[in-house]
Amino acid sequence: MKKFFILILFLTYSLSSNAHMEHYNKFNKIEMEILKDGEVIGYNYYFFKKDGDKTTVTNQIKFTVKLFGATIFEIEGYGEEKYIKDKLISFNSKTLQNDKEKYVDLEFNEQTDKFDIQGSSYSGMASTKNVIGNWWSHKILQTDSQISPVSGSIKEQVVTFIGKEKIELYGKTYEVDHFKLTSKDMSLPKDKRLNFDIWFNKKNSLILKVTYSRLGNWEYRVKNFK
């Protein structure tokens with residue numbers, strides 16, 4: 001059960017030094033619902049604040065998993081990304097997982113041209129080609145590796161285009177590109193592999209839906225954006 005929730009933590013905050021911020025200048029807020037087996041169990045909200053060339057993206061997430069009426073897993077977290085133009089200059093997060101604190105403090109180091117990371121499971125440097133696994137940015141689909149926004153660990157990944165589709169969300173129909181995101185290292189135990197289906201809408205530059213299966217069917221889907 002513990003290993004199962006490692007994957008959930010990766011998903012919960014599903015960024016790059018070049019995040020194409022102009023694609024998101026039109027947004028003030030993106031609201032995602034989190035579902036397990038068709039039942040809404042929480043939310044993942046992103047807020048955008050612009051000030052000239054500076055953009056701050058804050059992330060709020062909370063969900064609770066219950067079994068036979070008893071809470072077996074609970075997450076509440078907050079993250080903040082700061083950009084100058086397209087350049088990520090810092091990322092900070094704090095997450096409470098079943099009363100256990102996890103964190104990431106990331107800063108861009110101009111001298112080394114790398115990210116300096118202090119995290120609850122990794123501390124060290126990382127290439128600026130890495131993306132932090134948040135679902136608001138489509139750069140998650142354009143990178144070979146990402147940084148866990150919960151603990152700071154680095155995950156290698158492979159993204160495969162599946163095809164063009166139409167999906168319906170909350171009474172609206174969208175044309176989307178369907179992708180598969182998996183772990184690069186397939187020798188990892190199944191409970192540690194990444195295995196997500198992602199639906200991306202080019203018109204709005206939004207990831208509209210993310211699903212995966214692990215002890216149930218999970219879904220993150222955009223309910224509202226403005």
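What counts and how
- Residues numbered from 1 in each chain as written.
- Predicted model: local features only at pLDDT ≥ 70, side-chain atom pairs only at ≥ 80, totals over all residues.
- Heavy atoms only, no water.
- Pairing = 2+ DSSP bridges.
- Helix = DSSP H or I, 4+ residues; strand = E, 2+ residues; numbered from the N terminus.
- Phe/Tyr/Trp six-rings, centres within 6.5 Å; stacked < 30°, edge-to-face > 60°.
- Buried < 20%, exposed > 50% of the residue type's maximum accessible area, 1.4 Å probe, protein only.
- Lys NZ or Arg CZ within 6 Å of the ring centre and 35° of its normal.

A. Examining the pairing of strand S11 (residues 154–169) more closely. Note that strand S10 (residues 145–147) and S11 share 3 bridges and pair antiparallel. Of the residues in S11, the one forming a bridge with Gln-146 is Lys-155. Two successive antiparallel strands, S10 and S11, enclose a turn made up of 6 residues, where Gly-152 displays a positive phi of approximately 90°. When S11 meets strand S12 (residues 172–183), the two strands line up antiparallel, connected through 12 bridges. Paired with Thr-160 across the bridge in S12 is Lys-180. Here S11 hands over to S12 after 2 residues, with Tyr-170 in that stretch at a positive phi of 50°.

B. Representation of the packing of aromatic side chains in the model. Evaluated as defined, the whole model comprises 16 aromatic pairs. Their ring planes at 40° and their centres at 6.2 Å tell us that Tyr-24 and Phe-27 sit as a pair that is tilted. Just as Tyr-24 is buried, Phe-27 falls in that class too. Both rings, one in Tyr-43 and one in Tyr-45, keep their centres 4.6 Å apart while their planes meet at 20°; by these two values the pair is stacked. The exposure class of Tyr-43 is partly exposed, given its relative accessible area of 28%. One aromatic cluster is present, built from ring pairs that chain together Tyr-24, Phe-27, Phe-48, Tyr-83, Trp-136 and Phe-225. Cation over ring: Lys-29 sits above Tyr-45, and NZ or CZ is 5.0 Å from the ring centre.

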